[in-house]
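Observations on the three-dimensional arrangement
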Amino acid sequence: MIRSKRATPLALAALLLAPLAAPAQQEPPAGEVREQVEVTEVLLDVLVTDARGNVILGLDESDFVVTEDGKPIELTDVVFYSNRRLLDPAPAASGRRPEVSEGTEDRYFVLFLDDQRTAALEAPRLLTQQMEAVRRARQWVAEELVPGDHVAVVSYDHKLKVHQDFTTDRAALDAGLAAAAKGKDPGGNWPSRIAGEPGASLRAGLPRGNELRDETTTIYDALQLLARAAGDIRGRKNLLYFGVGFGRLNSFGQYTPDPRYYDDTVRALNDHNVAFYAVDLTPPGTEHALSDALNQISGETGGKYYFNTTNFLTPLRQVSEENSGYYLLSYTATHPAGADGFQKVKVAARNPEFRVRAREGYVFGQS
């Protein structure tokens, strides 16, 4: 059963924490100490598909198992969101017909090109792979987008470049992808670029002018800023990263998360409802240590890692298809008053044949 608590889901940033009013507390008896706690509401967006990637419809609270630190959580609400255009309205395998949120849901995609021009001096095939990925992305924009799909185009090469803010304009997106493929520098995020752009915007939430360059000296900085810039946009945001990975290798050539940047980056993505989908540009059949980095950050943010790709249109289609519908799970959680941190969460479906992907936790307190 899906309850009709509509106001909460419509306020989503898909992993959103909102303080709840605490009931009045009586003074404890003399000698008794009560721990002060803060109650928060957690909203967690969850993708549920079958083995072929088809969205599962018709689930409710009883179909999910959610735990924090191994302790079961009682869900207060489950609402299904979709753009409706891509979904078969037939009932789910459970026999229940899903209650779809009122109105169609817009979808948001950020195409993020980690420019390989410098690396291509030592590995020329990387540039060939990059150009092919851009070609397929342009094809996806021209042929696969549906009404309500908002796409932005950014790249990274020692600094973040915004080639096209969120738009539904296919011609503008094609031009943005062409500029990204050439490594063209659109300049800083000057106020004149923001004026007159209605609707959802990344630029509006990014540093202005040369500050954008100065504050994105690492790709981790760029990802964190993008996540925060997208945070006020309602709904799930899908960042499709095209590159070969990033991070540091230990003395044995193995990937190890950089403690200076990695945790903060994952928390920013999770806290602002941005799922990281990694599309590895490494030529098929090539093994490399940073594949572990791409797999880890994708898994921890509710995305997916694509590798050994022979046609870059395939992951674009799959990401689009699996994001045609998602569930918003709601529950209340308590933490000691004044505490802050990152709470890990595990989400599973009771039906073992269903595949579930959700971000691994949420930020509470002032973190």
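Notes on the structure in this doc start here. Along each chain, residues carry numbers from 1 onward, in the same order as the chain's sequence is written. Per-residue local features of the predicted model are confined to residues with pLDDT of at least 70, and side-chain atom pairs are confined, for both listing and counting, to 80 or more; whole-chain, interface and lining totals are unaffected and use all residues. With hydrogens and water stripped out, all remaining heavy atoms of the structure feed into the side-chain values.

Here we come to the sheet that holds strand β7 (residues 149-156). If you trace the six strands from one edge of the open sheet to the other, you get β8-β7-β6-β9-β12-β13, paired in mixed fashion. Lying at the two open borders of the sheet, with one neighbouring strand each, are β8 (160-167) and β13 (305-306). Across six bridges, strand β6 (residues 107-114) lies against strand β9 (residues 237-243) in parallel orientation. Residue pairing for β9: F109 is matched across the bridge by N238. Any two residues having at least one pair of non-hydrogen atoms within 4.5 Å are treated as being in contact. Structural elements are reduced to axes, namely lines fitted to C-alpha atoms, with helices fitted over the stretch in contact, and the angle between N-to-C directions of any two is expressed from 0 to 180 degrees. Helix and strand definitions here come from DSSP, where helices need a minimum of 4 consecutive H or I residues and strands a minimum of 2 consecutive E residues; each element is numbered from the N-terminal end. Running over the sheet, helix α1 (residues 124-143) touches β6, β7 and β9 and is turned about 160° from β6. Lying on the sheet, helix α8 (residues 313-322) is in contact with β6, β9, β12 (274-280) and β13; it crosses β6 at an angle near 155°. Here a strand pair is declared whenever DSSP counts at least two bridges between the two strands.

To continue, consider the nonpolar core. Nonpolar cores were defined as sets of buried Ala, Val, Leu, Ile, Met, Phe, Trp, Tyr and Cys residues, with membership established by side-chain atoms within 4.5 Å. Classification of residues uses two cut-offs on accessible area relative to the type maximum, computed with a 1.4 Å probe and protein chains only: under 20% is buried, over 50% is exposed, and between them is partly exposed. Judged by nonpolar contacts, the single largest core of 39 residues is most densely connected at F112, L202, L239, Y241 and F276. Elements with a minimum of two residues in this core: β6, β7, β8, α5 (219-230), β9, α6 (262-271), β12 and α7 (291-300). No other element matches the nine residues that α5 contributes to this core. For F276, the residues in contact, after removing those within four places along its chain, are L223, L239, Y241, F246, L269, L294, I297, S298, T301, G303 and K304. One finds L43, V79, L126 and V244 within the second-largest nonpolar core, a separate group that totals 34 residues.

Right, let's talk about the sheet that holds strand β4 (residues 71-72) for a bit. Strand-to-strand pairing in sheets goes through backbone hydrogen bonds, with the strands running parallel or antiparallel. In space, the three strands of this open sheet follow the order β4-β3-β16, with antiparallel pairing throughout. If you trace the sheet from one side to the other, it starts and ends with β4 and β16 (346-349), each paired once. Sheet topology places strand β3 (residues 64-68) next to β16; four bridges connect them, and they run antiparallel. For V65, the partnering residue across the bridge sits in β16 and is A348.

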